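# An overview of the molecular structure
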Amino acid sequence: MLKRYLVGLAMAVTIGVGGAQAQVKIANIAELSGAGAAAGTVWKDGVDLAVDEINASGGILGQHIELMEYDSQTDPQNSRAMVQKAIDDGAYVLLGTVYSSSTVVNMLVAQQNGYPQLTGSEAPAITQKGNPFIFRTAFGSQKGMPKIGAYLSFGLKASKVAIVWANTEYGKGGHDAFVDVTKEFNLEIAADLPTEQGQADFSADVVKIKNSGADAVFAFMTEEESARFLIEAEKQGLELPIAGDTVLGSQKVIDLAGAAAEGVMSHVGLSADAPVPTIQAMDKKFTERFGYRPDHNAIKGYIGAYAIKYVTEMVGEFDRQKFADTMHGLCLQAKEYPGLLLDICWDQNGEVSRESFLVQVTNGQQQIVQTLPAN
Amino acid sequence: MAEFLQIMISGLAAGAVYALAAVGFTLLWQASQAINFAQGEFVMLPAFFVLIGTGYFGLPLWVAILLAIVISILVLGIAFKKLVVEPMLPHGTLPLVIATIALGLLMKESVKEFYSAQGQPFPPLFPQTVFEVFGAAISVQDVCNLLVSLLVILGLQMFLQRSRTGRSMQATAQNPAVAEILGVDVKKMVMYTFIINGFLAAIASILISPFYLAKFSNGETLGLIAFIAAIVGGFNQIRGALVGGLLIGVLDNLAAAYVSAQYRAAVPLILLIVIIMVRPQGLVGTTEGRAV
């Protein structure tokens, strides 16, 4: 009897061990609370969706992904600690953070440890520091500025522009890149207004813009601040055209600002409304699962997770150095790698090159006005 | 001139809402010697009651607002007094201060947990139109916010000065022992104070959220500003809290427009330091002696 029991137990253990699949740990460090939660939580949902799909289709090199999530609290120092914790916890590759102010700090930890990091941040400085382990999931804000400058100058025939921007790493990068573009297009800067992270009251900023003599506004802030600015602009009857980069015309800003976002023009790297079947399919799956539409941050998170899968499978093993080396100069086509949604290239600095879109907010939706070629 | 006028109106509109929260601070202090460090979260929470009403139960906005005011009175007024203040107060002011800090954290984290960390859109209450005065575009929403806040504070002031209950509340605030000897139901008067604070917090929350968005962390800024406004104006005077709130609202906007947006947050703190050094009882407060 005892012998039969022991045999049964041994068989159960054997089956249990055989049934358990090896797992690869991937860390996602994101702004799950604090001022950047609007961006970080949708990025996280995008990552979650991709990881579940990857696991359902067999994982990476036959190993299921164990996703480890860390909250940066939108605090650069905390994000640095979380990156270190993710490394200590045995992560293979890192995803995040979204806020540039955090990424410029925490990417040094990843670099020192030789950990590839796929970030959603868009500040130009991130890929200009010679870090061989940082890779974007969307292009830096400097790439969109010439397109916005051309739109303001030739599309709107603007000659004076007011700039309202977030006084953060992300905002400074975008501001400086846009100021360079104004020189190129002979746009006079009528007002240059830095705003604070988490700023709630934009009334003084809007008043200054109204009295600046500007004939267009360039807004470059994060989601909630952009929405508050648009609400205040509408409240005070600011009738100037407002243009910006990816965030300004994002679905999150449209949801928060409501009617105040109507007519806003933006250059968007990734949009759920893009006339691209792979993005539309992702939009459908995301909306069904989370009950809201994905914005550019969700799409970035999704692409980031899939990039890890595809690049690792190209390398053929879980080797961080080879992963980083392979990504430099790599171009992948969405036809072969559908999880990347659009054709994408990474240069030697981890900067991304990809098609983009000019978007106008109409009836609470992003309307793609023009598809712009990769630059 | 037009720019200055617009900034003044916007500043007064924001300041009037800060004043509502600051008045709550002073009322609780006068009635129970309690400094409510969760006051910012008290202003943050009612907006979510409204959103739950409109979002989850599909109620019309005004019904949800009325319901939110009632819930705020019950939760932030009566329940707060019964469950937090009454058990803690006999142990002294310090345990109560710590308890309100903990309560603020609990409220903040609970909203984050149950309603996400993201800002939520809050429907506008008044027409989104502007009209011109001396070349300045004045927002109807700003004017309405200012009027509603001032009417509420004026109504409260009249209630406290002209009604029998209001005078009893004042007597309780000045000297509870003597008020009790004179037949005032001190416990009831203190309870009224907490109910009024819950009401004021709800009004402030509903007025400010269409512009600030409803967010779990809103209380951090609003609580600090209300606290500073109460000290600047005078912690023992309702009109002091009103003056403090309006002053900070206007100064904040003037600083952002004419000094630097980067240092606007420092302006109320500088004002606080100057007031404490020059006139510790606040701009319109009175010197108060207490036995220790």
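Residues numbered from 1 in each chain as written. Chains lettered and ligands numbered in written order. Predicted model: local features only at pLDDT ≥ 70, side-chain atom pairs only at ≥ 80, totals over all residues. Heavy atoms only, no water.

### Focus: the overall build of chain A
Regarding its fold elements, chain A presents twelve helices and 15 strands. Based on the C-alpha atoms only, the size of chain A along its principal axes is roughly 90 × 40 × 40 Å. Across the 375 residues of chain A, 61% fall into the buried class. Considering only intrachain contacts with a sequence separation of at least 6, the fraction spanning at least 24 residues in chain A is 66%. Element-wise, carbon and sulfur atoms account for 52% of the exposed surface of chain A, whose accessible area totals about 13,300 Å². For chain A, the centre of its 29 positive side-chain charges and the centre of its 44 negative side-chain charges are spaced 5 Å apart. (Helix = DSSP H or I, 4+ residues; strand = E, 2+ residues; numbered from the N terminus. Buried < 20%, exposed > 50% of the residue type's maximum accessible area, 1.4 Å probe, protein only. Contact = heavy atoms within 4.5 Å. Areas by Shrake-Rupley, 256 points an atom, 1.4 Å probe, with all protein chains shown as cover. Lys, Arg positive; Asp, Glu negative; His and termini not counted. Charge placed at Lys NZ, Arg CZ, Asp CG, Glu CD.)

### Some points on helix 4 (residues 93–115) of chain B
For an α-helix the count is 3.6 residues per turn, leaving residues at separations of three or four pointing the same way. Residues and elements named next belong to chain B. With 23 residues, helix 4 extends 32 Å between its outermost C-alpha atoms, agreeing within 8% with the 33 Å of an ideal straight helix rising 1.5 Å per residue. In the core, the buried residues of helix 4 are packed alongside helix 2 (39–55), helix 3 (61–88) and helix 9 (218–233). Positive phi shows up at Ser116, right after helix 4, with a value of about 75°. (Expected span 1.5 Å × (residues − 1).)

### Re the nonpolar core
By size, the foremost hydrophobic cluster in this structure holds 142 residues, and its most contacted members are Leu152, Phe229, Leu230 and Ile242 of chain A. Looking at which element gives the most residues to this core, the answer is helix 8 (residues 186–212) of chain B, with 15 residues. Beyond its immediate stretch of four places on either side in the chain, Ile242 of chain A contacts Val217, Ala219, Phe229, Leu230, Ala233, Leu248, Val264 and Met265 of chain A. Core analysis: the second largest hydrophobic core is formed by 56 residues, Val42, Val93, Leu95 and Tyr99 of chain A among them. (Core = buried A, V, L, I, M, F, W, Y, C linked by side-chain atoms within 4.5 Å.)

### Describing the interface of chain B and chain A
Contacts between the two partners involve 33 residues from chain B, matched on the other side by 32 residues from chain A. Across the interface of chain B and chain A, roughly 2,600 Å² is buried in total on both sides, 50% from carbon and sulfur atoms. On inspection of chain B and its partner chain A, the count reaches two salt bridges. If you look at where chain B meets chain A, you find twelve residue pairs in polar contact (both at pLDDT 80 or more). The set of elements that each furnish at least two residues to the side of chain B that touches chain A consists of helix 1 (2–32), strand 2 (136–139), helix 5 (140–162), helix 8 and helix 10 (238–259) of chain B. (Buried area = accessible area lost by both parts, 1.4 Å probe. Salt bridge = Lys/Arg side-chain N within 4 Å of Asp/Glu carboxyl O. Polar contact = N/O pair within 3.5 Å; in protein donor to acceptor, adjacent residues only side chain to side chain.)

### So, the side chain of Gln117 of chain A
Residues and elements named next belong to chain A. Residue placement: Gln117 occurs in strand 4 (residues 117–119). Separated by 2.8 Å, the side chains of Gln117 and Asn106 make a polar contact. Discounting residues that sit within four places of it in the chain, Gln117 has contacts with Leu94, Gly96, Thr97, Thr103, Asn106, Met107, Ala110, Phe133, Ile134 and Phe135.

### Digging into the confidence of the model for chain B
Residues and elements named next belong to chain B. Confidence in the prediction of chain B, expressed as mean pLDDT, is 90, and 98% of residues score 70 or more. When the elements of chain B are averaged for pLDDT, strand 2 gives the smallest value, 85, and helix 2 the largest, 96. Scoring the predicted complex yields pTM 0.80 and, for the interface, ipTM 0.82. (pLDDT = per-residue confidence, 0-100.)

### Quick notes on the sheet that holds strand 7 (residues 188–195) of chain A
Sheets are built from strands paired through backbone hydrogen bonds, the pairs being either parallel or antiparallel. All names here are of chain A. Taken together, seven strands build an open sheet; the order of strands is 7-6-8-9-10-14-15 and the sheet is mixed. The outermost strands of the open sheet, each flanked by one partner alone, are strand 7 and strand 15 (365–372). The mean angle between the axes of side-by-side strands here comes to 25°, regardless of whether they run parallel or antiparallel. Bridge count for strand 10 (residues 265–268) against strand 14 (residues 356–362) is four bridges, and the pairing is antiparallel. Residue pairing across strands places Ser266 opposite Val359, the latter belonging to strand 14. Against the sheet, helix 7 (residues 203–210) engages strand 6 (160–166), strand 7 and strand 8 (216–220), with an angle of about 175° to strand 7. Seen against the sheet, helix 8 (residues 223–235) touches strand 6, strand 8 and strand 9 (242–244) and runs at an angle of roughly 170° to strand 9. (Pairing = 2+ DSSP bridges. Axes fitted to C-alpha atoms, helices over the stretch in contact; angles between N-to-C directions.)

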